[in-house]
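Structural characterization, general
Listed below are the residues making up each chain.
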Amino acid sequence: MIEARNLSKRYGGTLAVDDLSFTVEAGQVTGFLGPNGSGKSTTMRMIVGLDAPTSGSVTVGGHAYGSLRFPLHEVGALLDANAAHPGRRARNHLDWIADSNQIPRTRVDEVLGVVGLGDAAHRRAGELSLGMGQRLGIAAALLGDPAVLILDEPINGLDPEGILWVRHLLRALAAEGRTVLVSSHLMTEMALTADHLIIIGRGRLLSSGPVADFIENSAGHHVKVVTPDADVLAVLLRNKGATVTVDGPQELSVQGLESQDVGILASGAGLTLYELSTQRASLEDAFMELTHEHADYKGTTQSLESSQT
Amino acid sequence: MTQTLVPRSVPAGVERLPGVFLAVCRSEWTKLRTVRSTMWALVFTVISIIGLGVLLTALVVGQWDHRSLAEVTGFDPLLYSYAGLNVAQLSIGVLGVLVMTSEYSTGVIRLTLGATPQRRLLLGAKVLTFSVVVAVVSLISCVTVFFICQALLASKHVGVSITDPGVLRAVIGGAVKMVLIGVIAVGVGTIVRHTAGAVAILFAALLIIPGLVQLLPAPWNNDITLYLPSSAGAAMSAVVRFPNLLAPASGFLVLFGYAAATIGAAMVLLVRRDA
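Analysis parameters
Residues numbered from 1 in each chain as written. Chains lettered and ligands numbered in written order. Predicted model: local features only at pLDDT ≥ 70, side-chain atom pairs only at ≥ 80, totals over all residues. Helix = DSSP H or I, 4+ residues; strand = E, 2+ residues; numbered from the N terminus. Buried ≥ 20, exposed ≤ 12 C-beta atoms within 10 Å, placed from the backbone. Arc of directions from axis to C-beta. Contact = placed C-beta atoms within 7 Å. pLDDT = per-residue confidence, 0-100. Nonpolar A, V, L, I, M, F, W, Y, C, P; charged D, E, K, R; others polar. Expected span 1.5 Å × (residues − 1). Core = buried A, V, L, I, M, F, W, Y, C linked by C-beta atoms within 7 Å. Pairing = 2+ DSSP bridges. Axes fitted to C-alpha atoms, helices over the stretch in contact; angles between N-to-C directions. Right-handed = clockwise from strand over helix to strand, strands pointing away. Parallel < 35°, antiparallel > 145°, perpendicular 65-115°, else oblique. Left-handed = near helix turned anticlockwise from the far one by under 90°.

1. Considerations on the overall build of chain A
- Within chain A, the secondary structure is distributed over eleven helices and 13 strands.
- In terms of overall dimensions, chain A has a C-alpha envelope of 80 × 45 × 45 Å along the principal axes.
- Among the 309 residues that make up chain A, the fraction classed as buried is 44%.

2. Side note on helix α3 (residues 105–114) of chain A
Residue and element names in this part refer to chain A.
- Along α3, the residues classified as buried are Val 108, Val 111, Leu 112 and Val 114. All buried residues of α3 fall inside an arc of 155° around its axis, so they share one side.
- Those residues of α3 that are buried lie in contact with α2 (90–100) and α4 (130–142).
- Just beyond α3, the residue with positive phi is Gly 116, at close to 75°.

3. Some points on the confidence of the model for chain B
Residue and element names in this part refer to chain B.
- Residues at a pLDDT of 70 or more form 93% of chain B, whose mean pLDDT is 90.
- Put simply, helix α3 (residues 69–73) is where chain B has its lowest mean pLDDT, 67, and helix α5 (residues 108–115) is where it has its highest, 97.
- Within the model, the stretch residues 1–12 combines pLDDT values under 50 with 14 contacts to residues more than four positions away or in other chains.
- On the interface metric, ipTM, the complex scores 0.89, and its pTM is 0.85.

4. Notes on the interface of chain B and chain A
- Each side of the interface is counted separately: chain B has 34 residues, and chain A has 42 residues.
- Of all the elements, helix α1 (residues 17–33) of chain B adds the most residues to the side of chain B that touches chain A, at seven residues.
- Residues of the side of chain B that touches chain A, tallied by class, amount to 17 nonpolar, ten polar and seven charged.

5. So, α1 of chain B
- The end-to-end C-alpha separation of α1 of chain B is 24 Å, in line with the 24 Å expected for 17 residues at 1.5 Å each.
- Those residues of α1 of chain B lying buried are Val 20, Ala 23, Val 24, Ser 27, Glu 28, Thr 30, Lys 31 and Leu 32 of chain B.
- Turning to α1 of chain B, the residues buried within the fold contact α2 of chain A together with α2 (36–63) and α6 (119–154) of chain B.

6. Considering the nonpolar core
- Judged by nonpolar contacts, the single largest core of 156 residues is most densely connected at Ala 139, Leu 143 and Ile 150 of chain A.
- Per element, the largest residue contribution to this core is 15 residues, and it comes from helix α7 (residues 167–192) of chain B.
- Excluding residues within four positions of it along the chain, Leu 143 of chain A makes contact with Leu 72, Gly 76, Leu 94, Ile 97, Ala 98, Ile 103, Arg 107 and Val 111 of chain A.

7. As for the environment of Ala 135 of chain B
Residue and element names in this part refer to chain B.
- By the secondary structure assignment, Ala 135 is in helix α6.
- On the basis of neighbour count, Ala 135 is assigned to the partly exposed category, with 16 C-beta atoms found within 10 Å.
- Distance from Ala 135 to Val 179, taken between C-alpha atoms, is 5.8 Å for residues 44 residues apart in sequence.
- For Ala 135, the residues in contact, after removing those within four places along its chain, are Ala 175 and Val 179.

8. What about the environment of Gly 84 of chain B?
- One can find Gly 84 of chain B in the loop between α3 and α4 (85–106).
- Considering only alpha carbons, one finds Gly 84 of chain B and Ile 47 of chain B, 37 residues apart in sequence, at a separation of 8.5 Å.

9. Quick word on the confidence of the model for chain A
All names here are of chain A.
- Chain-level pLDDT for chain A is 89 on average; 92% of the residues reach the 70-or-more range.
- Averaged over each element, pLDDT in chain A is lowest for helix α11 (residues 301–308) (49) and highest for α2 (97).
- Here residues 305–309 is modelled with pLDDT under 50, and outside its nearest four sequence neighbours on either side it reaches zero contacts, counting other chains as well.

10. What to know about the sheet that holds strand β2 (residues 14–24) of chain A
Residues and elements named next belong to chain A.
- Here we have three strands laid out as an open sheet, ordered β2-β1-β4, and antiparallel in their pairing. Two strands close off the open sheet at either side, each with one partner strand: β2 and β4 (55–60). On average, each strand axis in the sheet is tilted by 20° relative to the strand beside it, whichever way the strands run.
- Lying over the sheet, helix α1 (residues 40–47) contacts β1 (2–11), β2 and β4, oriented at roughly 115° with respect to β1.

11. Regarding the sheet that holds strand β12 (residues 251–255) of chain A
Residues and elements named next belong to chain A.
- Taken in spatial order, the four strands make up an open sheet running β11-β12-β10-β13, and their pairing is antiparallel. The sheet is open, and its two edges are formed by β11 (243–246) and β13 (275–279), each paired on a single side. Here the average twist between neighbouring strands, direction ignored, is 20°.
- Pairing geometry for strand β10 (residues 222–226) and β13, over five bridges, is antiparallel. Of the residues in β13, the one forming a bridge with Val 225 is Leu 276.
- Here helix α9 (residues 259–268) sits on the sheet in contact with β10, β12 and β13, set at roughly 160° to β13.

12. Let's talk about the pairing of strand β6 (residues 148–152) of chain A
Residue and element names in this part refer to chain A.
- A large share of β6 lies buried, amounting to five of its five residues.
- Alternating residues of β6 divide into Val 148, Ile 150 and Asp 152 and Leu 149 and Leu 151, and every residue in both groups is buried.
- Here four bridges tie strand β5 (residues 75–78) to β6, and the two strands are oriented parallel to one another. In the strand pairing of β6, Gly 76 is matched with Leu 149.
- Bridge analysis of β6 against strand β7 (residues 179–184) gives five bridges, and the strand direction is parallel. If you follow Val 148 over to β7, its bridge partner there is Thr 179.
- In terms of handedness, the path from β6 via helix α5 (residues 160–175) over to β7 forms a crossover that is right-handed.

13. Digging into unusual backbone geometry
- Of note, the bond from Ala 218 of chain B into Pro 219 of chain B is cis; its omega dihedral lies within 30 degrees of zero at 5°.
- In this structure, Pro 219 of chain B sits in the loop between α8 (195–214) and α9 (220–226).
- We note that Phe 70 of chain A has phi near 55°; this positive angle belongs to a residue other than glycine.
- Position of Phe 70 of chain A relative to the elements: it lies in the loop between β4 and β5.

14. Considering the packing of α6 of chain B against α7 of chain B
Residue and element names in this part refer to chain B.
- Axis separation between α6 and α7 bottoms out at 8 Å; the angle between their running directions is 150°. Classified by the interaxial angle, the pair formed by α6 and α7 is roughly antiparallel. Relative to α7, α6 is oriented so that their crossing is right-handed. For the pair formed by α6 and α7, the contact residues are Leu 123, Lys 126, Val 127, Phe 130, Ser 131, Val 134, Ala 135, Ser 138, Leu 139, Cys 142, Val 143 and Phe 146 on the first element and Val 171, Gly 174, Ala 175, Met 178, Val 179, Gly 182, Val 183, Val 186 and Thr 190 on the second.
- For the contact of α6 with α7, the residue count by class is 15 nonpolar, five polar and one charged.

Okay, here's the thing in structure tokens:
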């Protein structure tokens with residue numbers, strides 16, 4: 001279990017993490033989501049004691065990370081997949097990590113097998129592909145057979161097969177009762193992997209709860225109506241308490257009513273409908289909606305579009 | 001790929017700090033011996049100490065009969081034998097700097113500190129492990145070059161025996177000087193965190209500052225020079241007492257002081273800074 005209480009981190013004038021409190025439970029995969037630069041990596045570095053919080057505290061299994069001796073038996077972390085001396089062989093990279101926490105060398109062979117690097121063990125880290133480097137980083141995190149795993153963007157650089165493998169591995173680790181915290185900026189990947197979501201933007205907690213709740217509560221769920229009598233229907237719908245957005249001269253977006261209610265209302269008033277359909281919000285949309293105002297780096301497609309028209 | 005994890009039973013008891021220290025020393029030894037730069041730097045060190053010492057001593061022996069009486073009477077039998085130490089200190093210095101800066105440049109420092117959050121203990125283990133490696137290599141080189149060079153000098157009857165007063169001390173002093181320079185380098189690498197910057201500072205301290213100090217008006221130039229790391233180190237491996245060098249024991253204390261101060265500052269910064 002990981003517990004963060006009022007965690008804050010200030011770098012110079014910027015508040016990278018702002019009064020963040022959350023709990024990561026054992027036995028499930030917790031997705032840690034946020035746009036780039038939202039403070040995910042900083043938070044993870046504070047969990048494993050690399051960065052000191054400006055205020056607040058975080059504990060792993062009830063202990064401050066810095067108080068652990070041989071912490072790799074408790075916590076395995078992948079924070080930077082490229083963190084390996086390029087001239088050192090993959091096997092030796094795991095050897096020194098194992099030595100530092102009195103993990104037997106036989107375990108190095110085991111984890112190399114688990115991540116599928118058995119045949120590449122003799123290769124120098126600098127000669128490994130991006131995906132193989134990622135696997136080596138995951139192997140290092142698994143070395144101490146830890147009860148808590150913290151992985152920062154573990155699927156970066158992996159091919160589809162590798163992504164599937166990570167997904168199965170994380171689910172298997174959680175099923176064994178371990179605490180698994182995985183950061184990502186890809187909502188769709190987390191929807192497939194995580195049970196629970198912690199979403200942050202600009203260092204602040206935006207949402208925390210089960211994945212299913214997040215989808216249901218998201219505001220993107222709406223009914224699309226295309227009708228020549230859009231003005232009339234909009235008034236009728238609003239009278240019924242629905243929220244109506246005009247998307248075009250003949251197109252409405254309705255929230256607060258199901259599609260069958262909209263259909264009954266329209267036929268009762270003798271209105272013609274060209275199209276009536278329920279639009280389910282994708283997780284990506286829900287995530288975008290939640291984090292949009294909190295993204296530090298937004299694209300500028302809107303200004304491009306307007307300059308073309 | 002589809003292999004599952006084999007659960008391993010590890011007693012999760014609280015490990016005592018001496019146990020942690022030994023484990024980190026072993027880990028640091030594994031790190032040192034599994035990169036090629038270590039081997040190359042140590043080979044260069046051995047070749048510098050033995051090769052330069054033998055070469056210069058052979059040249060002196062060849063020219064011996066043309067020397068003036070003044071040159072012969074003040075002759076330190078180890079001066080030319082240990083000329084290579086001045087070059088070897090640079091390769092040991094670079095290796096010492098890399099012990100720390102290569103971790104920062106490759107991101108490995110985050111794995112290191114994640115595996116050992118006790119940062120003072122970590123730096124202590126790094127310093128000790130590196131010191132033992134430098135001590136072994138330097139001592140073997142210093143003893144070897146001593147015997148070869150004294151055999152050459154014996155032909156002119158100016159050689160000394162290892163049992164003569166001050167000689168054994170000077171031979172060991174040469175190796176200890178290398179260790180202390182290496183420790184200073186680890187400290188500078190920890191403080192600066194960038195290879196180029198740390199190497200520049202170290203080389204400036206060892207090579208450039210002595211030249212600049214000589215430009216100061218007398219007696220400041222000679223008084224300050226006595227206490228520079230390079231002069232303090234030279235005093236440790238001298239048999240004859242030169243007027244421009246401290247006594248061997250004083251030289252050791254001065255160089256040890258530099259090493260202790262550098263490591264002390266490095267520990268404070270390593271603990272205080274985010275990784």
